[in-house]
Structures are given as C-alpha cells and as structure tokens.
Amino acid sequence: MTSIHMKDQLVAGTIEIKGSGGDSIEAYYASPTGEGPYSSVIVIHHMPGFDDATKEITRNFAYHGYRSICPNLYSREAPGASPDDAAATARSMGGVPDERLVGDVSGAVDFLRSLDDTTKKVAVIGYCSGGRQSFLAACSLPLDAAIDCYGAYVVASPPEGAPLKVGPILDKAKDLSCPLLGLFGEEDKFPTPEEVAELDRTLQDLGKEHEFHSYPGAGHAFFAPNRPSYRVEAANDGWQKIWAFLAKNL
Amino acid sequence: MCTYLTEKVSVVGSGKGANGWFKVTDLSVYFDHPVHAPFGHSLNLDFLNPELGPSYRLALELNPATARALAQAILDVLDKIPVTEEDEQQSFASDS
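(A) Quick look at the packing of helix H1 (residues 52-63) of chain A against helix H6 (residues 232-249) of chain A. All names here are of chain A. In contact at an axis separation of 12 Å, H1 and H6 are set at 50° when each is read in the N-to-C sense. Between H1 and H6, the crossing angle belongs to the class labelled oblique. Remark: the crossing between H1 and H6 carries right-handed chirality. Each of Ile57, Asn60 and Phe61 in H1 lies in contact with H6, whose residues at this interface are Trp239, Ile242, Trp243 and Leu246. When the residues that make up the contact of H1 with H6 are grouped by side-chain class, the tally is six nonpolar, one polar and no charged.

If you want it as structure tokens, here you go:
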C-alpha cells in the first residue's frame, strides 16, 4: 500500500472515562495527531443525545486544533443503545440531573488535563439543553472558557408539570469561573430574547466577562445543518465567533 | 426549542418494534425535535418497556394535525363500540 503523507491528521473514537461518582461512562474523543501542546474543548450534546451530528461537531474541534471530548450523558440509562432510543429512555426517566452533569463534565476535565502534551486549558460548549449545561458547568467547575448555544431555562422556569430535573440557574452566575460566549437566535422562544437580556444584565452587574450575540432571522438550533432550523448566515458567523473566542481564551 | 415538557402515561398493552412484539408499560408524549421527520418540532410518542431495555421502543413523530386526528380517531373508535368495564380493566396475568 502506498504511504500517504497527511497534514491536519486527527484520530477519533469512542472511549471510556470516569464520570460523576466514579462511574465509567462512554465518551467520543477526537484529537489532532501532530505535535502539541493542545488545549481542549468539552462538547455537551443536546437532548436528542450522543448522536452523529454531535460527534461531527466534536471532530470539527479536533480539525481546528483542539482535543475534544463529548461525554455520553445517557451512558447509565442506556448503555450501548442507539442515540434516539437512549434519548427516549433518558427523557422517560426524568433527564440528566444537574449534579450528575457537573460530575460527568468534571470527569472529562480530569481526563483532558491528565493527557500528555496539554496546555491544561479546557473550554466547554453545549447546544440546546447542553447550552444550559455548559453554563452550569462553568459556574460549578474551574474552566478557562464556556460557550452557551441557545440554552433555555437558565433564567426561566420550565413549563408547569415538566417532569425533567431542570430549573433556572441564574443564581449560579456569581460563580461563573471563566469568560462566557453566548450565541442565540432572536426568533427563539426557548430562551426568549428577554431571558437572554436578563442573563446579559446579570453578568454585567456581577462584572463577569461575557460576549453575547443574537442573530436576526434565526431561532433555536440554528447551528444544526441536518435540521430545518439551520440558518447558514448565523451558523457561519457563530462558528467564526467560536474560533476567535477559543483562540483568545485557551 | 427543547420544550422539556413531557407527559407520561402508564400503559397496559403490546407494541411491535425493532425486536418484534413486546409488552409496553410506559408512554412518553412530548412536542420536541424529531429524529427522522423533517420538521423543526413534532408531536412524539415513545412506547417503552424500561425493564426490557432502551431498544424496546415503538416511536412515532407526527405533525400536530396528525396527532390531533389520531387522538380524535382513538376516542371515536372507543365511543362507537360498547367497551365493557371488563374490557377497560384487562391486564397481563403476570401483573395481577
């Protein structure tokens, strides 16, 4: 076989890491293979789960020069299940408790900081429900940067009777450990522009470094290229904002 | 949006999924992102049996008009036949 010299080579695959409570959980890991040192990004998947689209996002961070890992938040409820079945099972069981989420992200941080050839700098990013969880992680753990992509229920309460274990977490803003990039759609109802404005004001009052962008004509999940909510202009600009933010803070 | 809003229903019955027929014990009803239907959101039904595992699942992703028509059709069918109290209370012998 002919040997092919590759630049920008990366490796990606599923591994096991220690999560909350020392539990062994599945995670998708992607990394450049060249010489480091590397900074890292933790990707928190959306409610539909540990799916192909989220793994592609994880690989994209590796392509851009970051070690990246996405813990499977549904590892315990549905080990080995397909992402959609796992998401349905997790939803039926009440979703991911906040404390466990923080423990799983903490486990991912420990894993990344234990690797050779690392700057030990770690960012977290999450989409949709993962946006809220990214903010939660950044308010609970010492991180270097956090990105919240349209996370709902940071400010507002979930609908009456919602069985999932989530609630507003604005009171945690005082503990935000790192700069926060927020990317939102002006047409989104979860979170509404008013909720985004309230979070912005709260962080301003607390003197917490943050940078928010809200895109006109974009609603929820505007980054998702496999969904009708995709908005190319907002997504392209959002990715540019992400690369600049990570370059500045990692 | 991730609406989070989920109605849960206890179920007595059977469904056919990827593993063939199985006993259904739980139903989740929610309006959220679909996996397959090309809509932003859909009315989703997950018929489940958590004891058997995540892959024992019968899933539907419907547009709201279809979901309303389905709900009405179910009520219409039940109203048109004389369903007895005994019919209403049928269960699996293993549950009694």
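What follows continues from the structure just given.
(B) Quick peek at the sheet that holds strand E1 (residues 6-17) of chain B. Residue and element names in this part refer to chain B. Strand order across the open sheet formed by four strands is E1-E2-E3-E4, with antiparallel pairing between neighbours. Strand pairing shows two members of the sheet lacking a second neighbour, E1 and strand E4 (57-62), which therefore form its edges. For this sheet, the mean inter-axis angle between neighbouring strands, taken without regard to orientation, is 25°. Two elements, E1 and strand E2 (residues 20-32), share ten bridges in a ladder whose sense is antiparallel. When the sheet's bridge partners are listed, Glu7 is paired in E2 with Val29. Helix H1 (residues 64-80) contacts E2, strand E3 (42-48) and E4 of the sheet and is inclined by roughly 120° relative to E4.

(C) Just a negative patch on the surface, in detail. All names here are of chain B. A cluster of acidic residues, Glu85, Glu86, Asp87 and Glu88, forms a negative patch at the surface. Take Glu85: it is sitting in helix H2 (residues 85-88). Note on Glu85: relative accessible area 58%, which makes it exposed.

(D) Molecular detail of the interface of chain B and chain A. At the interface, 21 residues of chain B touch 27 residues of chain A. Here chain B and chain A share an interface that buries about 2,100 Å² over both sides, 66% of which is from carbon and sulfur atoms. Here chain B is connected to chain A by three salt bridges. A salt bridge links B:Arg57 to A:Asp84; the nearest nitrogen and oxygen atoms lie 3.2 Å apart. Across the contact surface, chain B and chain A share six residue pairs in polar contact (both at pLDDT 80 or more). Breaking the side of chain B that touches chain A down by element, the ones donating at least two residues are E1, E2 and E3 of chain B. The dominant element in the side of chain B that touches chain A, judged by the number of residues it contributes, is E2(B), at three residues. The residue inventory of the side of chain B that touches chain A, partitioned by class, reads eleven nonpolar, six polar and four charged.

(E) Up close: helix H2 (residues 83-92) of chain A. Most of H2(A) sits out of view: eight of its ten residues are buried. Along H2(A), the residues that are buried comprise A:Asp85, A:Ala86, A:Ala87, A:Ala88, A:Thr89, A:Ala90, A:Arg91 and A:Ser92. For H2(A), the elements touching its buried residues are E1, E2, E3 and E4 of chain B. Once H2(A) finishes, A:Gly94 follows within two positions and takes phi at roughly 100°, a positive value.

(F) Fine view of the pattern of salt bridges. Taken as a whole and assessed by the stated rule, the structure comprises 13 salt bridges over all chains. Through salt bridges that share partners, A:Asp84, A:Asp85, B:Asp46 and B:Arg57 make up one connected network.

(G) Quick peek at the side chain of B:Arg57. Topologically, B:Arg57 is positioned in strand E4. When its relative accessible area of 12% is taken as the criterion, B:Arg57 is described as buried. Separated by 2.7 Å, the side chains of B:Arg57 and A:Asp85 make a polar contact. Among all residues touching B:Arg57, those that are not within four sequence positions of it are A:Asp84, A:Asp85, A:Ala88, B:Gly17, B:Phe22, B:Asp46, B:Phe47 and B:Leu48.

(H) Examining the packing of helix H3 (residues 98-114) of chain A against helix H4 (residues 129-140) of chain A more closely. All names here are of chain A. Two numbers describe how H3 lies on H4: the axes approach to 10 Å, and their chain directions differ by 70°. The angle between the axes of H3 and H4 places the two elements in the roughly perpendicular class. Judged by residue contacts, Asp98, Leu101, Val102 and Val105 of H3 engage Arg132, Gln133, Leu136, Ala137 and Ser140 from H4. When grouped by side-chain class, the residues that make up the contact of H3 with H4 number five nonpolar, two polar and two charged.

Reading guide: rules and limits
Residues numbered from 1 in each chain as written. Chains lettered and ligands numbered in written order. Predicted model: local features only at pLDDT ≥ 70, side-chain atom pairs only at ≥ 80, totals over all residues. Heavy atoms only, no water. Axes fitted to C-alpha atoms, helices over the stretch in contact; angles between N-to-C directions. Helix = DSSP H or I, 4+ residues; strand = E, 2+ residues; numbered from the N terminus. Parallel < 35°, antiparallel > 145°, perpendicular 65-115°, else oblique. Left-handed = near helix turned anticlockwise from the far one by under 90°. Contact = heavy atoms within 4.5 Å. Nonpolar A, V, L, I, M, F, W, Y, C, P; charged D, E, K, R; others polar. Pairing = 2+ DSSP bridges. Patch = residues over 30% accessible without salt bridge, like charges linked within 9 Å, V, L, I, M, F, W, Y side chains within 5 Å. Areas by Shrake-Rupley, 256 points an atom, 1.4 Å probe, with all protein chains shown as cover. Salt bridge = Lys/Arg side-chain N within 4 Å of Asp/Glu carboxyl O. Lys, Arg positive; Asp, Glu negative; His and termini not counted. Charge placed at Lys NZ, Arg CZ, Asp CG, Glu CD. Buried < 20%, exposed > 50% of the residue type's maximum accessible area, 1.4 Å probe, protein only. Buried area = accessible area lost by both parts, 1.4 Å probe. Polar contact = N/O pair within 3.5 Å; in protein donor to acceptor, adjacent residues only side chain to side chain.

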